[in-house]
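Report on the structure
So the chains spell out like this:
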Amino acid sequence: SQQGEEDPQALSIQEGENATMNCSYKTSINNLQWYRQNSGRGLVHLILIRSNEREKHSGRLRVTLDTSKKSSSLLITASRAADTASYFCATDGGKLIFGQGTELSVKP
Amino acid sequence: GAVVSQHPSRVICKSGTSVKIECRSLDFQATTMFWYRQFPKKSLMLMATSNEGSKATYEQGVEKDKFLINHASLTLSTLTVTSAHPEDSSFYICSVDPATRPNEQFFGPGTRLTVL
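Rules of the game
- Residues numbered from 1 in each chain as written.
- Chains lettered and ligands numbered in written order.
- Predicted model: local features only at pLDDT ≥ 70, side-chain atom pairs only at ≥ 80, totals over all residues.
- Heavy atoms only, no water.
- Helix = DSSP H or I, 4+ residues; strand = E, 2+ residues; numbered from the N terminus.
- Rg over C-alpha atoms; globule rule 2.2 N^0.38 Å.
- Buried < 20%, exposed > 50% of the residue type's maximum accessible area, 1.4 Å probe, protein only.
- Contact = heavy atoms within 4.5 Å.
- Areas by Shrake-Rupley, 256 points an atom, 1.4 Å probe, with all protein chains shown as cover.
- Salt bridge = Lys/Arg side-chain N within 4 Å of Asp/Glu carboxyl O.
- Phe/Tyr/Trp six-rings, centres within 6.5 Å; stacked < 30°, edge-to-face > 60°.
- Pairing = 2+ DSSP bridges.
- Axes fitted to C-alpha atoms, helices over the stretch in contact; angles between N-to-C directions.

This brings us to the overall build of chain B. Helix and strand content of chain B: zero helices and 11 strands. Counted from the first residue to the last, chain B has its helices and strands arranged as β-β-β-β-β-β-β-β-β-β-β. Here the C-alpha radius of gyration of chain B, 13 Å, is about what a compact globule of 116 residues would show, namely 13 Å. Based on the C-alpha atoms only, the size of chain B along its principal axes is roughly 40 × 30 × 25 Å. Taking all 116 residues of chain B together, 50% fall into the buried category. Considering only residue pairs separated by 6 or more positions, chain B has 53% of its internal contacts joining residues 24 or more positions apart. A total of about 5,800 Å² of accessible surface is found on chain B, and carbon and sulfur atoms cover 52% of it.

With that settled, consider the pattern of salt bridges. Residues and elements named next belong to chain B. In total, this model carries six salt bridges over all chains according to the counting rule given. A salt bridge links E22 to R24; the shortest N-O distance between them is 3.5 Å. Overall, E22 belongs to the partly exposed group, its relative accessible area being 23%. Under the relative-accessibility criterion, R24 is labelled partly exposed at 34%.

Evaluation of the coordinates by the stated rule reveals eight aromatic pairs over all chains. Considering the side-chain rings of Y35 of chain A and F107 of chain B, the 5.2 Å spacing of their centres and the 80° angle between planes classify their relative orientation as edge-to-face. Placement of Y35 of chain A in strand β4 (residues 31-37) and of F107 of chain B in strand β10 (residues 106-107) is noted, with the two residues assigned to different chains. Take F107 of chain B: its relative accessible area is 10%, and that puts it in the buried class. With 6.3 Å between their ring centres and 45° between their planes, F67 of chain B and Y92 of chain B make a pair best called tilted. Of this pair, F67 of chain B sits in strand β7 (residues 67-73) while Y92 of chain B sits in strand β9 (residues 90-96), and the two are 25 residues apart along the sequence.

Before going further, it helps to examine the sheet that holds strand β6 (residues 55-58) of chain A. Residue and element names in this part refer to chain A. As summarised here, the arrangement of the five strands in space is β1-β3-β8-β7-β6, forming an open sheet in which the pairing is antiparallel. Looking at which strands have only one partner, the edges of the open sheet turn out to be β1 (5-7) and β6. Within this sheet the neighbouring strands show an average axis-to-axis angle of 15°, counted without direction. Sheet topology places β1 next to strand β3 (residues 19-24); three bridges connect them, and they run antiparallel. Considered in β3, the bridge of D7 is made with N22.

Shown next, in the form of structure tokens:
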């Protein structure tokens, strides 16, 4: 069963604004990963954060992990219209379990 | 370039027919591949883990006789949807878990199956 829950389910912002997506999970993990999916396409790996890490950066992406609260957040700064996509967290406790995803719409 | 390819990218078939979807790892040898299905605006659901040279491991609730998986080489896994019905219509995605890149999965572009 899917253990990741994400909020919000949908997010609409203006270009230049920051977008924050949250993910909660239920069981212990080795790492947590964030993926992006454009409509009708495969997934693109964005960033991986290990269970002993608290924060990680990659370009305009910032991911935090709080294992005590079993939650993670993905922040996209200075958003662009091209960031419009669905974003999924996936917990890795031996196999990837995906969250429900957040649909991000960035309006130009 | 693409690391994982899937063929076909989309297929439409009549109810009762069988459909084979191929997943190829282009850059890595993969002893393990994964098959997911995704309904519109929904998350990916892991269906099975494909193991090269041995039987696939299916997730609970996935019919192994319905979704046949063959992983005959280190670069190819196939998923055959047997006797397809309209409820099997979905987006099927495979991924590769390279031994040389632990904790990182590479996903194929997906196959859209529509059963009429």
